[in-house]
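Read off the chains here:
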Amino acid sequence: TLKTETPDTLEGEALGAGHGKIILLGEHSVVYGRRAIAAPIPLAIQARIEDTREGIELIIPRWGVEQRLDFDAKRPPSFTRSMARLLESLGLTGRGMRIEIFPNVPRAMGLGGSAALAVAVIRAMNVHFGLGLSDARVNELAFECEKFAHGTPSGLDNTLATYGDVTLFRAGEQPMREVIELPEPLPIVIGMSGVESLTAKTVTRVREAWKKNPAIYERIFDEIDGLVGLGLDALKTSDYDTLGEMMNVCQGLLNAMQVSSWELEELIQIARNNGALGAKLTGGGGGGSIIALAPENSAGVARAIRAAGYHAIEVTVGGA
Ligand code: MEV
């Protein structure tokens, strides 16, 4: 069971929410125009807004954050800069408000927390100020926020955070967003390394390696795109053996790009030793989380991960 933090008093109040996500196949190569498959997880970030006289207060009780954003600081953090841009885009510059955030997506675990946070705040502003934003506009604004958070995002995280569908995605001027209907819910175990994943860092790492050896990296990206294609067919027919194998091969390529880590590899081995058909890192890597597909033994995989001292949750994605 998943612990959520929304207090009862918030029931019925206007909250904005953004979904967390896992990437089944295609992280990193998606930044280079290849396809990826991602799915929402039943964890979301919620936000609500209250009017204040002046300034922007940010309160995240669970993280012990209580601060006033300083837009005039010499080098404001990326969150402050993205908020300044957001307020400007929404015509809200100078409005006083308190933004309260209820984060049920773990921070920096490769589960799309930053995009979910952006979407939650934008939606909370949408309801509080009656802005009438469409989902497409929410998504666009969240994409702008993500650019402050990690430079060259593909747009996948904000798209998942906004729409919360199992999705085949490709970046571009007109991004492709195809909702994938699963014949049945897909059971996934998420194992968390406890080591912060800084997506900006791994994305930069891959960019530098790509610049040095473009031909090799382009081939890896093409290979991953091929795995996405095969994985998509497998997903649509619940062919878990094939899907698992695509995940395993994808992990090999992510490792080749050096975005895996000691802890992630350990988690993956634990999952495979306990019957996972496929296991790989998910999201930016470097730290963060792995996902494992073990339809016959999800509970056993989760247990083994916990026994090794890591955090694990079982989720199902897609389906009813
Ligand atoms: C991060 O969740 C996924 C990456 O592919 C970056 C991106 O798509 O922007 C690593």
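Residues numbered from 1 in each chain as written. Predicted model: local features only at pLDDT ≥ 70, side-chain atom pairs only at ≥ 80, totals over all residues. Heavy atoms only, no water.

**Examining the pairing of strand β2 (residues 36-51)**
The element β2 is largely enclosed, with a buried count of 12 among its 16 residues. For strand β1 (residues 16-25) and β2, the ladder comprises nine bridges, and the chain directions are antiparallel. When the sheet's bridge partners are listed, G18 is paired in β2 with I45. Here three bridges tie β2 to strand β6 (residues 167-170), and the two strands are oriented antiparallel to one another. Within β6, the position partnered with A36 by the bridge is F169. Here β2 runs beside strand β5 (residues 97-103); their pairing, made up of seven bridges, is antiparallel. When the sheet's bridge partners are listed, A47 is paired in β5 with I101. (Buried < 20%, exposed > 50% of the residue type's maximum accessible area, 1.4 Å probe, protein only. Helix = DSSP H or I, 4+ residues; strand = E, 2+ residues; numbered from the N terminus. Pairing = 2+ DSSP bridges.)

**Topic: the site of the ligand**
Around the ligand lies a shell of 14 residues, among which K21, H28, P153, S154 and D157 are the nearest. S154 is positioned with one of its side-chain polar atoms (N or O) 2.6 Å from an oxygen atom of the ligand. For the ligand, the accessible surface in isolation is 300 Å², of which the surrounding protein chains cover 98%. Listing elements by their share of the shell around the ligand, those giving two or more residues are β1 and α5 (199-212). In terms of domain composition, the shell around the ligand takes at least three residues from each of domain 1 (8-179) and domain 2 (186-317). (Near = heavy atom within 4 Å. Polar contact = N/O pair within 3.5 Å; in protein donor to acceptor, adjacent residues only side chain to side chain. Areas by Shrake-Rupley, 256 points an atom, 1.4 Å probe, with all protein chains shown as cover. Domains from an automatic or database assignment.)

**Some remarks on the pairing of strand β7 (residues 176-179)**
Direction of pairing for β6 relative to β7: antiparallel, over a ladder of four bridges. Paired with L168 across the two strands is E178, which belongs to β7. Adjacent in sequence and paired antiparallel, β6 and β7 are bridged by five residues, among which G172 carries a positive phi angle near 155 degrees.

**Brief notes about the side chain of S193**
Along the chain, S193 falls in the loop between β8 (186-192) and α5. Assessed through its relative accessible area of 8%, S193 is described here as buried. From its side chain, S193 meets the backbone nitrogen of V195 in a polar contact 3.1 Å long. Of note is the side chain of S193, whose polar atom sits 2.7 Å from the backbone oxygen of G288. Beyond its immediate stretch of four places on either side in the chain, S193 contacts M109, E263, L264, L267, G287, G288 and Y310. (Contact = heavy atoms within 4.5 Å.)

**Comments concerning the domain arrangement of the protein**
Along its sequence, the protein is organised into domain 1 (8-179) and domain 2 (186-317). A separation of 24 Å is found between the C-alpha centroids of domain 1 and domain 2. With 29 residues of domain 1 at the interface, the matching set in domain 2 holds 46 residues. For the domain 1 and domain 2 pair, buried surface summed over both sides reaches about 3000 Å², with 69% attributable to carbon and sulfur atoms. Among the salt bridges present, the one from R35 reaches D225, with a minimum N-O distance of 3.1 Å. Here domain 1 is connected to domain 2 by 12 residue pairs in polar contact (both at pLDDT 80 or more). Of all the secondary-structure elements, those providing two or more residues to the side of domain 1 that touches domain 2 are β1, β2 and α3 (135-150). At seven residues, β2 tops the list of elements feeding residues into the side of domain 1 that touches domain 2. Residues that form the side of domain 1 that touches domain 2 fall into these classes: 19 nonpolar, six polar and four charged. (Buried area = accessible area lost by both parts, 1.4 Å probe. Salt bridge = Lys/Arg side-chain N within 4 Å of Asp/Glu carboxyl O. Nonpolar A, V, L, I, M, F, W, Y, C, P; charged D, E, K, R; others polar.)

**What to know about the pattern of salt bridges**
What the rule picks out here adds up to 14 salt bridges. One salt bridge connects R137 with E140, and the closest N-O pair in it is separated by 2.6 Å. With R137 and E140 both in helix α3 and three residues apart, the pair spans about one turn of that helix. On the basis of relative accessibility, which here comes to 31%, the residue R137 falls in the partly exposed class. Here E144 ties to K147 by a salt bridge, and the two come within 3.2 Å at their closest N and O atoms.

**Structural notes on the packing of aromatic side chains**
Geometrically, a pair of aromatic rings is defined through the distance of the ring centres and the angle of the planes. Scanning the entire structure with this criterion turns up three aromatic pairs. Measuring from centroid to centroid gives 5.0 Å for Y32 and W210, while their planes differ by 55 degrees, and the two rings are tilted. With a gap of 178 residues between them, Y32 in the loop between β1 and β2 and W210 in helix α5 connect regions that are remote in the sequence. The class for Y32 is buried, based on a relative accessible area of 12%. Judged by relative accessible area, which is 22%, W210 ranks as partly exposed. An angle of 15 degrees between the planes, with centres 4.4 Å apart, marks the rings of Y32 and F221 as stacked. (Phe/Tyr/Trp six-rings, centres within 6.5 Å; stacked < 30°, edge-to-face > 60°.)

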